[in-house]
Amino acid sequence: MSGRALSFGGVAEAYERFRPGYPVELFEMVIAYAGRPVPTALEIGAGTGKATRLFAQRGIAVTATDPDGSMLAELRKHVPVDVATVRAAFEDLRPGERYALVYAAAALHWTDPEGRWPRIAALLEPGGVFASFGAPFRLTDPAVQEAVHAARAPFLESDEIPSPDGTPPDHEMQWPGSELQRSESFTDVRQAVIERHVTMSARDYIGHLSTISAYLVLPASVREQVFSRIRQVLPDTVEMTADITVHLARRRQED
Ligand SMILES: C[S@@+](CC[C@H](N)C(=O)[O-])C[C@H]1O[C@@H](n2cnc3c(N)ncnc32)[C@H](O)[C@@H]1O
């Protein structure tokens, strides 16, 4: 696993404070897609439990997994007591119990592509649902976007994660839907977007950046310099889109 994949634990409390949670519409979308009861779920890369709460507070018995002990320690403060936690990377999860739902929130891109889909299929009941979702923040005002880009450029070209399978941004089906469509284990692949608009203070925006892996892997002194330069070009209030892109798929009935 890369240092970037495991960079979050050092800022677990800030992660919990500055990253937004997930809305009930997302829960409803997954349940409507399932079209049958969803009593159990396994979460890959649960972090501080933002998506764990969404499902666990609505009656699903969630097993939250993550390789980072600091993230799981923060998660325990915020999720119902009956949530089971397992400290493990996705690659180290062994098939055993099968779940009605397996999902990953802003985490699947950190997992090893080798054997990814057979491994997920082995954790799902036949007909069970896989869901992956993420919501990168994008500054709404092009002038602010440009100024932030220029402030960051000497240190960091981009703070986003490139598409793991190289799907161009203008393709209708984005990753991981693109990979799911090629996988023999899954069918009925869908992509949907839940639109979100977020407004935060410049200070909280910097707080949010302080939880993003591209900055976390910079040397501390460089990171502080980038944040200070970005802070100088921000308005007092920062407007962003944080649309949630959701991918859904169903494990085929046959093994
Ligand atoms: C951006 S955070 C997302 C956390 C949480 N799911 C959320 O939406 O807030 C990514 C999480 O993936 C975890 N992670 C990194 N590599 C992983 C792997 N190989 N298998 C499972 N989780 C991994 C990290 O420890 C981190 O908690």
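Residues numbered from 1 in each chain as written. Predicted model: local features only at pLDDT ≥ 70, side-chain atom pairs only at ≥ 80, totals over all residues. Heavy atoms only, no water.

Looking at an unreviewed UniProt entry, one finds the chain named SAM-dependent methyltransferase, with Streptomyces paradoxus as its source organism.

K.L.:
I'm lost on the sheet that holds strand 8 (residues 197-201) in this one. Help?
P.N.:
In sheet architecture, strand pairing relies on hydrogen bonds along the backbone and comes in two forms, parallel and antiparallel. Taken together, three strands build an open sheet; the order of strands is 6-9-8 and the sheet is antiparallel. Bordering the open sheet on either side are strand 6 (138-139) and strand 8, each of which pairs with just one other strand. (Pairing = 2+ DSSP bridges. Helix = DSSP H or I, 4+ residues; strand = E, 2+ residues; numbered from the N terminus.)

K.L.:
Would you mind going over the pairing of strand 3 (residues 84-87) with me for this structure?
P.N.:
Remember that side chains alternate between the two faces of the sheet whenever the strand is regular. Across four bridges, the pairing between strand 2 (residues 61-66) and strand 3 is parallel. Residue pairing in the sheet places Thr-65 in a bridge with Val-86 of strand 3. Each parallel crossover has a hand, and the one from strand 2 via helix 4 (residues 69-76) to strand 3 is right-handed. (Right-handed = clockwise from strand over helix to strand, strands pointing away.)

K.L.:
Is there a simple way to explain the pairing of strand 9 (residues 237-241) in this structure?
P.N.:
Of the two faces of strand 9, only one is covered, namely that formed by Val-238 and Met-240; the face formed by Thr-237, Glu-239 and Thr-241 stays uncovered. Relative to strand 9, strand 6 is paired through two bridges, and the arrangement is antiparallel. Within strand 9, the position partnered with Leu-139 by the bridge is Met-240. (Buried < 20%, exposed > 50% of the residue type's maximum accessible area, 1.4 Å probe, protein only.)

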